[in-house]
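# Topology and contacts: notes
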Amino acid sequence: MLSARDLGLEIGSLPPGPLNAITDVEGVAVGQVTLSAGAVQTGVTAILPHGGSLFREKLPAAVRVFNGFGKSIGFVQIEELGTLESPLILTNTLSVGTAAEALVGYMLAQNPEIGAATGTVNPVVLECNDGAWLNDIRGLHVKSGHVAEALAAAVPGSFAQGAVGAGTGMSAYGLKGGIGSASRLIRISGQDYRLGALVLSNMGRLQDLCVAGRALGPLIAERMKQEGSPAEQGSIIVILATDAPLCDRQLRRLAGRAGAGIARTGSHFGSGSGDIALAFSTAQRIPHSQPKESLLQFTQLHEDGLDPLFCAVIECTEEAILNSMLQATATTGREGRSRASLADFSELLMAE
């Protein structure tokens, strides 16, 4: 499937990374399991922020909730401590418990000290509701083994986007949504940094859809002979990774800019939508065990140097959403319901 850039849609002015994906940030890996058969349209996407033990070497992290109609877990401890100590699992709403249990099992197997010689672990699972249209969400088709498989499949480098993994049954702007990603290269005070975004898109009304600043939703709705939706219901999850040295407070500021990227595609964060961003930095690791002197030393960018990263977040989020829709194939699921792909309207996207 074509990406936004394949169609000549260049979002913003910052250059993309080599893969134009979250995995341009060194150490970040993505693994996915796709369940697509008739009424079963769902799956799992796993994100590993670095290749070591996240429990023993945590990362600075922060969460921003734009609209809280969601069932994700693990945010309370991130808000309090500003650290991430487990991989991130994305799946459907009713599979959050299953995914959390599987992620805990994964962490216990890697870290025999958890719950014995030290405290417990904070599993982070994020979700969107794929049962509103395409998936038989009541069937609880995601099992613990699927989560373990996604975690085991996580590798650095390129990965599939669109109707895959957690994005298999998602809808966005009345079309097919799913997994999308993008990245940007940033230079601050002579130093080069990378920032990447991965989105799970499941939000928006077709009449509101904007593509690279153009209001194309009404044109597509007319082509489909489809009336506008009365309310925006759904969700979007945005995961941001950067190798820039930032503290958790600065990462919260970055996560807040994801809202601007979402809004550029036309969403107004409707009352029934769960819109959440989570950001982490791979630049420095925080040891689980207290050092002898209880003193940690870290480097962080000055606040006045953050503007290029803010721009990168907005550009990446917008482009990742478009990629999630363009690379998603048209899908038929529960009760014969279907979603067309944004790529089916490529002639409108490329029109002046």
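Above this note sits the structure.
Read on for a plain summary of the structure.

Calculation rules
Residues numbered from 1 in each chain as written. Predicted model: local features only at pLDDT ≥ 70, side-chain atom pairs only at ≥ 80, totals over all residues. Heavy atoms only, no water. Phe/Tyr/Trp six-rings, centres within 6.5 Å; stacked < 30°, edge-to-face > 60°. Helix = DSSP H or I, 4+ residues; strand = E, 2+ residues; numbered from the N terminus. Buried < 20%, exposed > 50% of the residue type's maximum accessible area, 1.4 Å probe, protein only. Lys NZ or Arg CZ within 6 Å of the ring centre and 35° of its normal. Contact = heavy atoms within 4.5 Å. Pairing = 2+ DSSP bridges.

Attention now moves to the packing of aromatic side chains. A full pass over the atoms with the stated rule returns 1 aromatic pair. Look at Phe66 and Phe269: their rings are 5.6 Å apart centre to centre, the planes differ by 40°, and that puts the pair in the tilted class. With a gap of 203 residues between them, Phe66 in strand β3 (residues 57-68) and Phe269 in the loop between α5 (248-264) and β14 (272-281) connect regions that are remote in the sequence. Its relative accessible area of 25% is what places Phe66 among the partly exposed residues. Across from the ring centre of Phe55, 4.2 Å away, lies the NZ or CZ of Lys58, which sits over that ring. Arg257 extends its terminal NZ or CZ atom over the ring of Phe310, reaching a point 3.8 Å from the ring centre.

Within the secondary structure, Gly217 is located in helix α4 (residues 217-224). Given a relative accessible area of 0%, Gly217 falls into the buried group. Between the C-alpha atoms of Gly217 and Pro308, which are 91 residues apart in sequence, the distance is 30 Å. With residues near it in sequence (within four places) discarded, Gly217 still touches Leu206, Gln207 and Leu209.

Bringing the pairing of strand β10 (residues 191-202) into the picture now. Of all 12 residues making up β10, 9 are buried, and the element is well covered by its neighbours. Of the pairings in the sheet, the one linking strand β9 (residues 178-188) to β10 comprises 11 bridges and is antiparallel in character. Within the sheet, the bridge partner assigned to Arg187 lies in β10 and is Asp192. Between β9 and β10, which pair antiparallel in sequence order, lie 2 residues; one of them, Ser189, sits at a positive phi of approximately 50°. With 8 bridges joining them, β10 and strand β13 (residues 233-242) adopt antiparallel strand pairing. Looking across to β13, one finds that Gly196 is bridged to Ala241.

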